[in-house]
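Residues per chain are reported as follows:
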Amino acid sequence: MNITVLAVGTKMPQWVDHAVRDYSKRFGREIQFQLKEIKPEKRGAGVNAAQAMAAEEQRIVAAIPAHSYLIVLDERGKAPTSMELADSLKKWQQQGDNLCFIIGGADGMTTNLKQRANMLMRLSSLTLPHGMVRVLLTEQLYRAQSILHNHPYHRE
Ligand SMILES: C[S@@+](CC[C@H](N)C(=O)[O-])C[C@H]1O[C@@H](n2cnc3c(N)ncnc32)[C@H](O)[C@@H]1O
């Protein structure tokens, strides 16, 4: 299964890149994971947040792999438990779905993009910095895969 994470933002702190790389290396052969950074639009000088998000939306849409099940990360979305995420991962794998997760930038993302998503997923009720969302999402996907394989990484 292919899992693509589209994340608005470049030049993340080193700890973010290290942590994402560390978890994504653990997936093994059955998950091809890739994180693609989306260039954020510059704010200021006549470009407000809504205009910037619209420009980012275009870049995101252009980067979505064809026939992907689209999951937008959003603090107002549904919050699965790790066990529920593992169940969903199993279902998506059985259906042959490829997954595309989208993480917005500093101002979040457009309503358009949220409406286009198959699912809005919340990692916490807190607003998280987008770099941290990359790390948490990658770790939870690895945890979900560990649960499906009865790997001791996950303990109840
Ligand atoms: C700094 S937040 C943007 C906050 C913005 N005020 C909003 O309304 O979405 C950047 C991105 O991180 C992700 N994010 C932040 N907190 C989250 C959470 N609790 N659960 C899931 N995703 C989150 C979302 O994709 C969001 O677009």
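Scoring rules and cut-offs
Residues numbered from 1 in each chain as written. Predicted model: local features only at pLDDT ≥ 70, side-chain atom pairs only at ≥ 80, totals over all residues. UniProt positions renumbered as here; feature names shortened; annotations may be inferred. Helix = DSSP H or I, 4+ residues; strand = E, 2+ residues; numbered from the N terminus. Contact = placed C-beta atoms within 7 Å. Core = buried A, V, L, I, M, F, W, Y, C linked by C-beta atoms within 7 Å. Buried ≥ 20, exposed ≤ 12 C-beta atoms within 10 Å, placed from the backbone. pLDDT = per-residue confidence, 0-100. Near = placed C-beta within 6 Å. Nonpolar A, V, L, I, M, F, W, Y, C, P; charged D, E, K, R; others polar. Pairing = 2+ DSSP bridges. Axes fitted to C-alpha atoms, helices over the stretch in contact; angles between N-to-C directions. Right-handed = clockwise from strand over helix to strand, strands pointing away.

Caption draft 1: Representation of the UniProt feature "binding site: S-adenosyl-L-methionine" (unreviewed entry) in the chain within the structure. If you check UniProt for "binding site: S-adenosyl-L-methionine" (unreviewed entry), the listed places come out as L73, G104, L123, S124, S125, L126, T127 and L128 in our numbering. Here L73 lies in strand β3 (residues 68-78). Setting aside residues no more than four positions away along its own chain, L73 makes contact with F101, I102, I103, M121, L123, V133 and L137.

Caption draft 2: The nonpolar core, seen in detail. In terms of nonpolar packing, the biggest core is built from 30 residues, with V5, L6, L73, F101, I102 and I103 touching the most fellow members. Of all the secondary-structure elements, those providing two or more residues to this core are β1 (2-8), α1 (14-25), β2 (32-38), α2 (49-63), β3, α3 (82-95), β4 (98-103) and α5 (130-148). For this core, the leading source of residues is α5, giving six residues. Sequence-distant contacts of L6, defined by excluding residues within four places in its chain, comprise K36, I38, I60, A63, I64, C100 and I102.

Caption draft 3: Structural context of the confidence of the model for the chain. Mean pLDDT over the chain: 95, with 100% of residues reaching 70 or higher. Among the prediction metrics, the complex's ipTM stands at 0.97, with pTM recorded as 0.96.

Caption draft 4: Local environment of the site of the ligand. As a matter of local geometry, the ligand sits amid 18 residues, with L73, E75, G104, G108 and L128 nearest to it. Of all elements in the fold, only β3 and α5 reach the threshold of two or more residues within the shell around the ligand. Of the residues belonging to the shell around the ligand, the class tally is nine nonpolar, five polar and four charged.

Caption draft 5: Structural view of unusual backbone geometry. Its identity is not glycine, yet H67 carries a phi of approximately 55°, on the positive side. Checked against the element boundaries, H67 lands in the loop between α2 and β3. Since 9 C-beta atoms lie within 10 Å of it, H67 is described here as exposed. With a phi angle near 50°, N150 is a residue other than glycine that sits in the positive phi range.

Caption draft 6: Structural view of the sheet that holds β2. Here we have five strands laid out as an open sheet, ordered β2-β1-β4-β3-β5, and parallel in their pairing. The sheet is open, and its two borders are formed by β2 and β5 (119-121), each paired with just one other strand. Neighbour to neighbour, the strand axes of the sheet diverge by 30° on average, direction disregarded. Alignment of β1 against β4, held across five bridges, turns out to be parallel. From the neighbouring strand, T4 faces β4, where its bridge partner is C100. On top of the sheet, α5 reaches β1, β2, β3 and β4; it is set at about 170° to β1, its chief contact.

Caption draft 7: Expanded view of the pairing of β3. Alignment of β3 against β4, held across five bridges, turns out to be parallel. Counterpart to L70 in the pairing with β4 is C100. Since β3 and β4 lie parallel, the crossover through α3 that links them has a hand, and here it is right-handed. Strand direction decides the pairing type here: β3 and β5, joined by four bridges, are parallel. Looking across to β5, one finds that I71 is bridged to M119.

Caption draft 8: Focus on the environment of V72. Along the polypeptide, V72 turns up in strand β3. With 32 residues separating them along the chain, V72 and G104 place their C-alpha atoms 8.3 Å apart. Not counting chain neighbours up to four residues away, the residues in contact with V72 comprise I102, M109, L113, K114, A117 and L120.

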